[in-house]
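Coordinates in review
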2 protein chains.
Amino acid sequence: MSADFDVVDLIRAKRDGGSLPGAAVDWLIDAYTHGRVAEEQMAAYLMAVVWRGMAPDELHRWTAAMINSGERLDLAGIGRPTVDKHSTGGVGDKVSLVLTPLVAACGVAVPQLSGRGLGHTGGTLDKMESIPGWRAELPPGRMRRQLADIGAVICAAGSGLVPADRRLYALRDVTGTVESIPLIASSIMSKKIAEGTSALVLDVKVGAGAFLPSVDDARLLARTMAGLGAAAGVRTEALLTAMDAPLGRAAGNGLEVAESVETLRGGGPADLIEVTVALARMMIELADGPDPSGMVDPALVLASGAAYPVWRAMVAAQDGDPDAPLPRASTVAVVPAPASGYLSRLDARAVGVAAWRLGAGRARKEDPVSPVAGVRWHAGIGDPVTAGEPLLELHTDNPATLERARAALADAVTITAQPSPASPLVLERVRA
Amino acid sequence: MSADFDVVDLIRAKRDGGSLPGAAVDWLIDAYTHGRVAEEQMAAYLMAVVWRGMAPDELHRWTAAMINSGERLDLAGIGRPTVDKHSTGGVGDKVSLVLTPLVAACGVAVPQLSGRGLGHTGGTLDKMESIPGWRAELPPGRMRRQLADIGAVICAAGSGLVPADRRLYALRDVTGTVESIPLIASSIMSKKIAEGTSALVLDVKVGAGAFLPSVDDARLLARTMAGLGAAAGVRTEALLTAMDAPLGRAAGNGLEVAESVETLRGGGPADLIEVTVALARMMIELADGPDPSGMVDPALVLASGAAYPVWRAMVAAQDGDPDAPLPRASTVAVVPAPASGYLSRLDARAVGVAAWRLGAGRARKEDPVSPVAGVRWHAGIGDPVTAGEPLLELHTDNPATLERARAALADAVTITAQPSPASPLVLERVRA
């Protein structure tokens, strides 16, 4: 770095609503990553960003500087188009588990580099790790080979990828600076751009169970991320999808793997299939270019069970046993339906908190998660239920958690005499 | 502390514009002072306060919690009313040096517990330390005795007083969170309330050379501080005074002591006398209660030189030699007046920066300051000047600093053909 800046001047500039020049952005990210800017100084800067935002040019430069803090993968030469997907996270969101082998079965390679979950939404790696033997860590060479051979890989992002984000994310987590559109967008997009995918589909969740409940915020985040992708040469589009009720019929690591396998074998809940297929279509379209004439229909591929062998190969390539039974909870408590009628509301956030309390999520990043804990529900939105019949199952190895999980669910369910009209799951497509 | 809080929840609440309940404020200050809340978390909280401010009740509780982090002095029983003064700081502002012995000479004891300067405005202790032998540190017992015997003490605030402020101030200094009215007000008022004074007059500077240039901000700060004083039982009022030109004819530690002595002996510049007498009148009025009928006129006391023996006793009681010559700079460079006419502008900030560059101020709190460095000017605003005659003197022991000091002063002076109308120095009195 030839330029040198006074970090307090930069904090004050952002605090007062200014934008940093590009060289200052480069300096700040580099100096923070290498410990020359203190944690408390970056914390103040991040809160000023939550307040003042970032100008578009500034955010592009910030994201580029984050990427430049580490290595970039090169996925050229694996012999197939690549496309990845990222979800902003929802309760019961096991879409990646189904989507990755599905899109691979349609001929497009999916390098799904994931993180672990923090809070009630759970992470894709946590879910996969409930499969006996499965390992999240893959050296880049093996990752590339698996992508070329099988077309599908779900693994941990290596520590060399965007080290600035690792530090920034840990800091944001303890300083109340997570909820900022430029900070969220740069965190997600720096990792996706650095992993080397040539196209990317974003599943941005909207609603009571989502990180950003309002559709306006979700649309702005989607557009911001798509713009960052486009600027870096990654074809990026987003789908806004509803997250009022949890997705599918289960939330919890092993429970979600079981549901994903069921779906890959041609069964599974309709809402999970709808979102997965919509995302798969976009991914294939973005990977192949704008002409969808020769497109394989992922709905047919999924229903036929043709993606299931890809799942098995993907699991086995990472030392997982696709035939081993998943671990099961020692305690399953049942919550009956409080009335007869139609299930018109199941609160995603309440289900997420209950699953988390049962052991499925972590409060701190060093906490372990339980592979068996979680919640299953016997009816989807609009389905008939009968008073006294089982509605929810609470799975745990720790019965002491049941009381607080039940408390989280106390107001989670609404049953009405008439079925409420179905609300759409797939809301809108967003381009840069 | 019986209550326990999650600091991230508190940061998020403030970030989102909320006010903390009293128990949460108490917990946050206590946990930060004892290292249970990390520096980066408090930094994010402070930036959120710069953004969102504090509700009046919240600020009262915050200030009380800061005071409760340490000891409180008890000045009852020294046999005289006590009144202190605080200035928000200006260039050439040596008012405390004259005011403390002056008010004591009028029969009211002044416990002036001070800090060291950071940046270009310099601190009262730095100025006093240019007196050979003088010591800023006084044990509380000696401080009380000196106050009872002489009625005047200028000394360092002991480390037991408001330890929360020491940590908070150091953190604000490196995180761009100094400029916040509730944070400034609580920092100043917590120390003044803890030192045990029964009344307090605030000199809030307004103008280009002040910390808060706008009169609206200055008035709000004054009112906020007066409210905090009143709530804690300290009769507090403020005077807004102008800080466009520097005060008196010198800025620099030893140079300001010399000017203060000249003023205490019955001489001195008119602007310094005007501000000092206005503050002295308020201090005596607040100390004695609202009836000013029996008031000694501090203007007469100052002009008579009757405060000078109090100064000598105050200096000697802290091992200073009031007869010792002050140290003098080895180099004095002269800047001539660029034109003939009337001095209509002398920029306070430029003079402060020049004095700072010559060695009178510090950039970091561990830096030493020079007792001899500084700037003198031969004319006040409205005075006639002659082209080529000396206008400014730059004093330093380090001639290498002269060039940058001259550069700071390049646009500092305006000379006009006609004298500009005098602008008032004392702007307005502010009550809670």
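Note on numbering: residues in each chain are counted from 1, in written sequence order. As a convention, the first chain written is A and the first ligand written is 1, with the rest following in written order. Only residues with pLDDT of 70 or above have their local features reported here, since the model is predicted, and side-chain atom pairs are shown and tallied only from 80 upward, although totals for entire chains, interfaces and linings are computed over all residues. Excluding hydrogens and water, the side-chain values take into account all heavy atoms of the structure.

**As for the overall build of chain A**
Selection criterion: Counting from the N terminus, the helices are the DSSP runs of H or I reaching at least four residues and the strands are the DSSP runs of E reaching at least two. Each radius of gyration is computed over the set of C-alpha atoms, and the globule rule expresses the reference value as 2.2 Å times the number of residues to the power 0.38. Relative accessible area decides the class of each residue, using a 1.4 Å probe on protein chains only: under 20% of the type maximum gives buried, over 50% gives exposed, and in between gives partly exposed. The contact definition used throughout considers only heavy atoms, calling two residues in contact when any of these lie within 4.5 Å. Reported accessibility uses the Shrake-Rupley method at a 1.4 Å probe radius. Residues are deemed covered only where the shown protein chains occlude them.
Scanning chain A from N- to C-terminus turns up 16 helices and 13 strands. Radius of gyration (C-alpha) of chain A: 22 Å, near the 22 Å computed for a compact globule of 432 residues. With respect to the principal axes defined by its C-alpha atoms, chain A has extents near 70 × 45 × 40 Å. For chain A, buried positions account for 54% of its 432 residues. For chain A, the proportion of contacts with a sequence separation of at least 24, taken over those separated by at least 6, is 79%. Here chain A has roughly 16500 Å² of accessible surface; of this, 52% comes from carbon and sulfur atoms.

**Describing the packing of aromatic side chains**
All names here are of chain A. In plain terms, the rule: Stacked, tilted and edge-to-face pairs are distinguished by plane angle, under 30 degrees for stacked and over 60 for edge-to-face with tilted covering the rest, among Phe, Tyr and Trp rings (Trp via its six-membered ring) whose centres lie within 6.5 Å. Criterion for a charge above a ring: Lys NZ or Arg CZ within 6 Å of the ring centre, and within 35 degrees of the ring normal.
Counted under the stated rule, the structure contains five aromatic pairs over all chains. Judged by centre distance (5.9 Å) and plane angle (15°), the ring pair of Y45 and W62 falls under stacked. Highlighted residues: Y45 in helix 3 (residues 39-52) and W62 in helix 4 (residues 56-68), separated in sequence by 17 residues. The same class applies to Y45 and to W62, which are both buried. Of note, R167 hangs over the ring of Y32, and the distance from its end group to the ring centre comes to 4.6 Å.

**Examining the pattern of salt bridges**
For the record, the criterion: Basic side-chain nitrogens of Lys or Arg form a salt bridge, by our definition, when they fall within 4 Å of a carboxyl oxygen of Asp or Glu.
Tallying each qualifying case throughout the model produces 49 salt bridges over all chains. A salt bridge links A:D16 to A:R15; the shortest N-O distance between them is 2.9 Å. A relative accessible area of 5% means that A:R15 is categorised as buried. Note that B:K205 is salt-bridged to B:D203, the shortest N-O span being 2.9 Å. In this pair, the class of B:K205 matches that of B:D203, namely buried.

**A closer look at the interface of chain A and chain B**
Rules: Buried area adds together the accessible area that both of two parts lose upon being put together, with accessible area traced by a 1.4 Å probe. For the purposes of these results, a polar contact is taken to be a pair of N or O atoms within 3.5 Å, where, inside protein, one atom must be able to donate a hydrogen and its partner to accept one; residues adjacent in sequence count only when each atom of the pair is a side-chain atom. Only Asp, Glu, Lys and Arg are considered charged, only Ala, Val, Leu, Ile, Met, Phe, Trp, Tyr, Cys and Pro nonpolar, and every remaining residue, Gly among them, polar.
Taken together, the contacts link 19 residues of chain A with 19 residues of chain B. Both faces considered, chain A and chain B share a buried interface measuring about 1700 Å² in area, 68% of it formed by carbon and sulfur atoms. Three residues, A:E40, A:M47 and A:W51, lead the burial of chain A against chain B; their summed loss comes to 33% of the area buried on that side. With a shortest N-O distance of 2.6 Å, B:R15 and A:E179 are connected by a salt bridge. Between the two partners, chain A and chain B, sit eight residue pairs in polar contact (both at pLDDT 80 or more). With nine residues, the top contributor of residues to the side of chain A that touches chain B is helix 3 of chain A. Classifying every residue of the side of chain A that touches chain B by side-chain character gives ten nonpolar, three polar and six charged.

**Quick word on the confidence of the model for chain A**
Cut-off, in case you're wondering: Values of pLDDT, which run from 0 to 100, indicate the predictor's confidence residue by residue.
Averaged over every residue, the pLDDT of chain A is 93; the share at 70 or more is 97%. Interface scoring of the predicted complex returns ipTM 0.88; its pTM is 0.89.

**With respect to the sheet that holds strand 13 (residues 426-430) of chain A**
All names here are of chain A. Spelled out, the test is: Any two strands between which DSSP finds at least two bridges are classified as paired. Angles here are taken between N-to-C directions and fall from 0 to 180 degrees, while the axes themselves are lines fitted to C-alpha atoms, restricted in helices to the stretch in contact.
The four strands lie next to each other as 1-4-5-13, forming an open sheet whose pairing is mixed. Either end of the sheet is taken by a strand with one partner, and the two such strands are strand 1 (84-87) and strand 13. Direction aside, neighbouring strands of the sheet carry axes that sit 20° apart on average. Note: strand 4 (residues 199-206) against strand 5 (residues 235-242), eight bridges, orientation parallel. Note on strand 5: the bridge partner recorded for V206 is A242. Its contacts with the sheet put helix 10 (residues 215-231) on strand 4, strand 5 and strand 13, and the angle it makes with strand 4 is roughly 170°.

**Thoughts on unusual backbone geometry**
With a phi close to 50°, A:V162 is a non-glycine residue in the positive phi region. Tracing the chain through its elements places A:V162 in the loop between strand 3 (152-156) and helix 8 (163-175). Of the residues examined, A:V162 reaches a relative accessible area of 1% and is grouped as buried. The phi dihedral of B:D319 falls on the positive side, at around 70°, and the residue is not glycine. Along the chain, B:D319 falls in the loop between helix 14 (308-317) and strand 7 (331-336).

**Section: the environment of A:R144**
Residue and element names in this part refer to chain A. The residue R144 is located in helix 7 (residues 140-149) in this model. For the pair formed by R144 and T82, sequence separation is 62 residues and the distance between their alpha carbons is 11 Å. The residues touching R144, leaving out its near neighbours within four places in the chain, are D74, L75 and I78.

**With respect to the side chain of A:T241**
Residues and elements named next belong to chain A. Along the chain, the position of T241 falls in strand 5. A residue is classified by how much of its surface remains accessible, and T241, at 1% relative accessible area, is buried. Within the local environment of T241, its side chain forms a polar contact with the side chain of D203, the two groups lying 2.7 Å apart. Setting aside residues no more than four positions away along its own chain, T241 makes contact with D203, V204, K205, V206, V275, L425, V426 and L427.

**A word on the relation of the copies chain A and chain B**
For the record, the criterion: The copies are overlaid by a least-squares fit using only the C-alpha atoms of residues whose pLDDT is at least 70 in both copies.
You can overlay chain A on chain B at an RMSD of 0.0 Å; the transform is a turn of 180° with a shift of 0.0 Å along its axis. Classification of the inter-copy transformation places it as that of a two-fold axis. Of every C-alpha in chain A, the one belonging to A:E40 sits nearest the axis of rotation, 1.8 Å from it. An overlap of 100% is found between the interface residues of chain A and their copies at the interface of chain B, pointing to a shared contact surface.

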